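Structure at a glance
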Amino acid sequence: MSVKLWRSVLYVPGDKPRAIEKARTLRADAVILDLEDAVAPEHKDAARGNVKEALAWRWPGPLLVRVNGLGTPWEHADREMALLAGVDGLVLPKVEDPATVRELHLRVPLWPMIETPLGVLRAPEIAAVPGVAGLIMGANDLARALRTRPHAERLPLLHALSAVVLAARAHGKVPLDAVFNDVRDPQGFIRECEQGRTLGFAGKTVIHPNQVELANAAFGVTDAEADEARARLAAWEQARTEGRSVATYQGALIEQMHADEAQETLERWERARSAPR
């Protein structure tokens with residue numbers, strides 16, 4: 001099945017071997033082993049060794065590595081290790097210039113993080129770079145740079161969030177929502193997931209194992225939604241059999257666009273059911 005799920009993408013600090021081991025047992029759609037913000041400078045080398053070892057293991061889904069940024073003392077060693085070890089993708093922090101992404105030529109999927117005002121403004125150009133698989137929202141750094149005040153509904157960041165989704169979708173790339181910081185507030189996390197899905201994000205980056213299943217549910221397809229999609233497809237197929245170009249289902253008009261959407265919904269539902277448990 002060609003559909004890939006990115007409902008939950010779990011960050012794991014590279015200097016925490018036990019957390020890395022546990023991540024393999026969770027049902028996150030993808031894992032990001034972090035060598036950047038989550039790792040103190042004095043632990044960078046040890047973390048790189050841990051990540052190199054983990055890249056040799058078998059993982060149930062894509063395994064990405066967030067490397068240290070351009071101009072840092074660790075950037076070259078991080079990228080060389082990840083590439084030689086066979087990473088599934090590289091997460092690039094604080095990307096602002098599409099030219100720097102274009103010049104990397106790493107032959108692995110790239111995931112630029114959009115976490116600065118300039119990054120938001122240049123998100124369409126960054127998303128258009130060949131080799132970019134998706135854009136990851138970095139709301140913490142962006143909020144600091146914008147000097148916004150905390151807001152439960154992320155009102156100060158709504159323009160930036162939508163801009164990143166728009167840029168990614170315009171170029172056929174995957175938009176991933178930012179992390180939710182308070183791991184003690186599952187209801188707040190669920191609300192933010194629902195907001196992210198409403199805005200068009202494909203999934204959410206998460207920082208705690210307890211957030212994984214909540215994100216999977218929020219960005220997934222329920223059995224009821226799958227049944228609804230089947231019914232819409234059946235109505236569409238019946239209409240086409242009868243030579244009609246449109247159909248109706250429970251009073252709603254169904255055109256080719258709606259049939260395609262229903263088919264995608266079913267594919268995502270099937271993909272989730274076949275994922276390792």
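Let me begin by describing the structure that accompanies this report. (Residues numbered from 1 in each chain as written. Predicted model: local features only at pLDDT ≥ 70, side-chain atom pairs only at ≥ 80, totals over all residues. Heavy atoms only, no water.)

1. Some remarks on the environment of L253
For L253, the location among the structural elements is in strand β10 (residues 252-254). Accessibility expressed as a relative area gives 45% for L253, which makes it partly exposed. Along the sequence, L253 and R232 sit 21 residues apart, while their C-alpha atoms lie 9.7 Å from each other. Leaving out residues up to four positions away in the same chain, L253 has contacts with V246, A247 and H258. (Helix = DSSP H or I, 4+ residues; strand = E, 2+ residues; numbered from the N terminus. Buried < 20%, exposed > 50% of the residue type's maximum accessible area, 1.4 Å probe, protein only. Contact = heavy atoms within 4.5 Å.)

2. Some remarks on empty space enclosed by the protein
Which parts of space are left empty comes out when a probe the size of a water molecule is rolled across the atoms. A complete count under the given rule lists two cavities of 30 Å³ or more for this structure. Lining the largest cavity are A152, E153, G188, R191, E192 and Q195. Of the residues contributing to the lining of the largest cavity, the split by class is one nonpolar, two polar and three charged. In this structure, the second largest cavity spans a volume of roughly 30 Å³. What lines the second largest cavity is L5, R7, F219, G220, V221, R268 and A272. (1 Å grid on protein atoms, 1.4 Å probe; cavity = no way out; pocket = protein on both sides within 12 Å on 5 of 7 lines; lining within 4 Å. Points joined across faces, edges and corners; volume = space filled by probe spheres on them. Nonpolar A, V, L, I, M, F, W, Y, C, P; charged D, E, K, R; others polar.)

3. Brief notes about the pattern of salt bridges
Applying the stated criterion across every chain, the model contains 20 salt bridges. The shortest N-O distance in the salt bridge between R66 and E36 comes to 3.4 Å. Of this pair, R66 sits in strand β3 (residues 63-66) while E36 sits in the loop between β2 (30-34) and α2 (44-54), placing them 30 residues apart in sequence. Given the relative accessible area of 7%, R66 is considered buried. Ionic pairing is found between E192 and R154, a salt bridge with its closest N-O pair at 3.5 Å. Here E192 is found in helix α9 (residues 186-199), whereas its partner R154 is found in the loop between α7 (139-146) and α8 (158-170), with 38 residues between them in sequence. Just as E192 is buried, R154 falls in that class too. Connected via shared salt-bridge partners are D34, E36, D37, R66, K94 and D141. (Salt bridge = Lys/Arg side-chain N within 4 Å of Asp/Glu carboxyl O.)

4. A look at the pairing of strand β5 (residues 110-114)
Across the five residues that make up β5, a large majority, five, are buried. The two faces of β5 match: L110, P112 and I114 on one face and W111 and M113 on the other face are all buried. Bridge analysis of strand β4 (residues 89-92) against β5 gives three bridges, and the strand direction is parallel. In the strand pairing of β5, L92 is matched with P112. Both β5 and strand β6 (residues 134-137) contribute to a ladder of two bridges, which runs parallel. From the neighbouring strand, M113 faces β6, where its bridge partner is I136. (Pairing = 2+ DSSP bridges.)

5. So, the packing of α2 against helix α3 (residues 75-85)
Here α2 crosses α3 at 15°, and the two axes come no closer than 10 Å. On the basis of their axis angle, the class for α2 and α3 is roughly parallel. Considering how the two elements wind past one another, α2 and α3 form a crossing that is right-handed. Where α2 abuts α3, its residues R48, V51 and K52 lie against A77, D78 and M81. Its residues assigned to classes, the contact of α2 with α3 shows three nonpolar, no polar and three charged. (Axes fitted to C-alpha atoms, helices over the stretch in contact; angles between N-to-C directions. Parallel < 35°, antiparallel > 145°, perpendicular 65-115°, else oblique. Left-handed = near helix turned anticlockwise from the far one by under 90°.)

Honestly, it's all geometry; don't read function into it.
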